[in-house]
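# Examination of the molecular architecture
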Amino acid sequence: MEFAEFAARAEEIAEEPGDLATTERVRDLLADASEDLPVVVRFLQGRVYPAWDATTLDIGPALLHEAIARAAGPNVDSDDVESKLAEVGEIGAVAATYEFGGQRGLGAFGGGAADGSGERGGGLTVAAVDDRLREIATTTGEGSEGRRLDALFGLFNRASQTEAKFLARLVLGEMRIGVGGGTVRDATAAAFVDEGVAGERGETPSEAPGGDESEATPDSDAVDAVERALQVSNDYGMVARVAREEGREGLDAVGLEVGRPVQAMLAQAGSATEAIEEWGEAVVETKFDGARVQVHFDGEETALFSRNMDDVTDPLPEVVEFVERAVDVPVVLDGEVVAVDDYGSPLPFQEVLRRFRRKYDVERMREEVRVELRAFDCLHVDGDDLLDAPLSERHDRLRALLGDTDAVSEPVVSDDPDEIAAVEERALEAGHEGIMLKEPESTYAPGKRGRNWLKRKPDVETLDLVVTGAEWGEGRRANLFGTFLLSARVDGEAAGRDATATDGDAAADSDAYATIGKVATGITDEELEALTERLEPHIEREDGQTVSIAPEVVFEVGYEEIQASPTYESGYALRFPRYVTVREDKSPVDADGLARVERLVDEQ
Ligand code: ATP
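The protein chain carries the name DNA ligase in an unreviewed UniProt entry, which gives Halobellus limi as its organism. Quoted straight from UniProt, the Catalytic activity (unreviewed entry) entry for the protein chain says "ATP + (deoxyribonucleotide)n-3'-hydroxyl + 5'-phospho-(deoxyribonucleotide)m = (deoxyribonucleotide)n+m + AMP + diphosphate." According to the UniProt record, the Function (unreviewed entry) comment for the protein chain is "DNA ligase that seals nicks in double-stranded DNA during DNA replication, DNA recombination and DNA repair."

### Notes on the overall build of the protein chain
For the protein chain, the helix and strand inventory stands at 24 helices and 19 strands. With 604 residues in all, the protein chain has 53% of them scored as buried. Accessible area of the protein chain: about 25800 Å², with a carbon and sulfur share of 45%.

### A closer look at the site of the ligand
Taken together, 18 residues are adjacent to the ligand, and Ala267, Glu336, Arg449, Lys455 and Lys457 come closest. With respect to the ligand, the side chain of lysine 287 contributes an N or O atom lying 3.1 Å from an oxygen atom. Between arginine 292 and the ligand, the recorded distance is 2.8 Å, taken from a side-chain N or O atom to an oxygen atom. If the ligand stood free it would expose 590 Å²; the protein chains cover 94% of that surface. Put simply, the parts of the chain that give the shell around the ligand at least two residues each are strand 1 (266-269), strand 2 (282-287), strand 9 (434-438) and strand 10 (449-456).

### A few points about the sheet that holds strand 2
Pairing in this open sheet of five strands is mixed, and the strands run 1-10-9-2-8 from one edge to the other. Edge positions in the sheet fall to strand 1 and strand 8 (412-414), since each of these pairs with one other strand and no more. Direction aside, neighbouring strands of the sheet carry axes that sit 40 degrees apart on average. Bridge count for strand 2 against strand 8 is three bridges, and the pairing is antiparallel. Across the sheet, residue valine 283 finds its bridge partner in strand 8, namely valine 413.

### Quick notes on the environment of aspartate 314
For aspartate 314, the location among the structural elements is in the loop between strand 4 (302-306) and helix 16 (317-326). In this structure, the C-alpha to C-alpha distance between aspartate 314 and lysine 518, residues 204 residues apart in sequence, is 34 Å.

### Examining the sheet that holds strand 7 (residues 384-385)
With antiparallel pairing, the five strands of this open sheet are ordered in space as 4-3-5-6-7. Edge strands, defined here as strands with exactly one partner in the open sheet, are strand 4 and strand 7. The pairing of strand 6 (residues 370-381) with strand 7 spans two bridges and is antiparallel. By the bridge assignment, valine 381 is partnered in strand 7 with aspartate 384. Contacting strand 3 (291-297), strand 4, strand 5 (331-340) and strand 6, helix 16 runs over the sheet at an angle of about 130 degrees to strand 4.

### With respect to the nonpolar core
As a rule of thumb, nonpolar side chains are buried together in soluble globular proteins. Ranked by size, the top nonpolar core spans 77 residues in total, and within it Phe6, Ile68, Leu133, Leu152 and Phe156 carry the most contacts. Among the nonpolar cores identified, the runner-up in size contains 32 residues, and Ala339, Val371, Cys378 and Leu398 belong to it.

Cut-offs used in this document
- Residues numbered from 1 in each chain as written.
- Predicted model: local features only at pLDDT ≥ 70, side-chain atom pairs only at ≥ 80, totals over all residues.
- Heavy atoms only, no water.
- UniProt positions renumbered as here; feature names shortened; annotations may be inferred.
- Helix = DSSP H or I, 4+ residues; strand = E, 2+ residues; numbered from the N terminus.
- Buried < 20%, exposed > 50% of the residue type's maximum accessible area, 1.4 Å probe, protein only.
- Areas by Shrake-Rupley, 256 points an atom, 1.4 Å probe, with all protein chains shown as cover.
- Near = heavy atom within 4 Å.
- Polar contact = N/O pair within 3.5 Å; in protein donor to acceptor, adjacent residues only side chain to side chain.
- Pairing = 2+ DSSP bridges.
- Axes fitted to C-alpha atoms, helices over the stretch in contact; angles between N-to-C directions.
- Contact = heavy atoms within 4.5 Å.
- Core = buried A, V, L, I, M, F, W, Y, C linked by side-chain atoms within 4.5 Å.

Structure below.
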């Protein structure tokens, strides 16, 4: 597919206000994508690599602005690009204001755009853009910055205005066309899985009962099949290809692969009484106060993934060493990495998160914070996939693998609320966060926040919110942010489909956030400095003292109460908000959504 066609269709999708019509347009684009389908699917979501792959393009705004300026001609420099950006607020729109294609050097092809728009363009294809961006991502070493710039310039130099708009956005990972994971999932189901829909399409759509609606809404079985494959693989491109080529059977056969993380199974809040009422008896485990980690050992090498599937192998060498000492067959384990003191007692989870910060010296941090693995689930052992095995069996396999050590949770099965209360008391006394209650016969449901795992923790509630703005400080702190604007995720269409099961899953549409409050207390000067340094590159717009910031960082915040308030977009405000920490283990899609805010308000 020509990149110009992709860009033109992305533009149409962006302009489409209706959700159903958007899904329909995406569906048609997928159906037309031929051999480029996986790339088109990823590009639609602003990705070059699948979600499970930790490779990043690592192209910062400075390099991007420079490449755009160079392709825009001798009269434009990065300062011009940046001042336009301050005015317009978004790099895609800025890129679309220039005329490219006239510059000498790499890739100066000129010629008309393939979309027939009359815009200048150089016949870029989706596959060529993908190849070139992947080359840029893997160009390292001496002189690499120059070569990366040349390559990026080469792409812009061949781009029409619409192509440049989406190229710039793709480079920064955000397409801004209102297409999140939920839309791609539904479009994939409608294009390739739902036979009723596929059969109807193209021939007599207007005669179909319900018109457009029946066309764009695939049946829920088809959607579920696509969703399950996504939760196991985290690869929208591959899943779309399998759906097209092998249909539902192929999707059902998408299995776990050692080295490719599955989405973590999540918990809801719940009590022992509820658990016993629902299941008869419950598996009770310590709720460790650390960070989620998924361990993949392929028989030779270990890879560790965080809750949002970032590769955290390098920051956690002790866990890698432990795994490689303890097992000699391929395994996938789910667990928590906890910080412990010299006596092996748990430390607060903020200590663990210090290990996930980007810039630090692993060896020094290793001396400062000691971490250990607490495995509580086992998804694969030596060729046996255990996702569909009952929890009791997965626990047995885990114990057989790691033995009776601190590294394995000690599940207790009980149907007695008093006994469960005693387990909880012991867990809290030992410094853990609380307990988990699990359905003994339940399978492992990747990405689901269902009723089979319940968590109980007595701590006051906190919210995990996305920073979407900030205000500069005053006086001696004028060059630091002092106040941070916080937003909750607007639970997307996936949440609407089944609020309980998909709350927080990665298929929820990810690009909408609603403000809910500001936080300025509880942050030390040192933290303000680190936060300013971290957030400044993500500023989207400045207006006097106030800046808006692209969603990147998640804060955990405490509060006294949530109140209804017209001040913020969410319709709620936090009373006495207090900064707790940066949730290094969460990305904006994992932040709390409005559905949870509303539940908390109801419980108040
Ligand atoms: P929280 O902020 O409460 O950790 P979360 O959104 O990160 O919540 P939930 O699924 O709501 O995740 O709560 C369960 C979390 O508790 C898991 O993600 C995991 O990190 C942690 N945990 C600690 N011990 C266990 C355990 N034994 N079994 C399952 N999860 C555990």
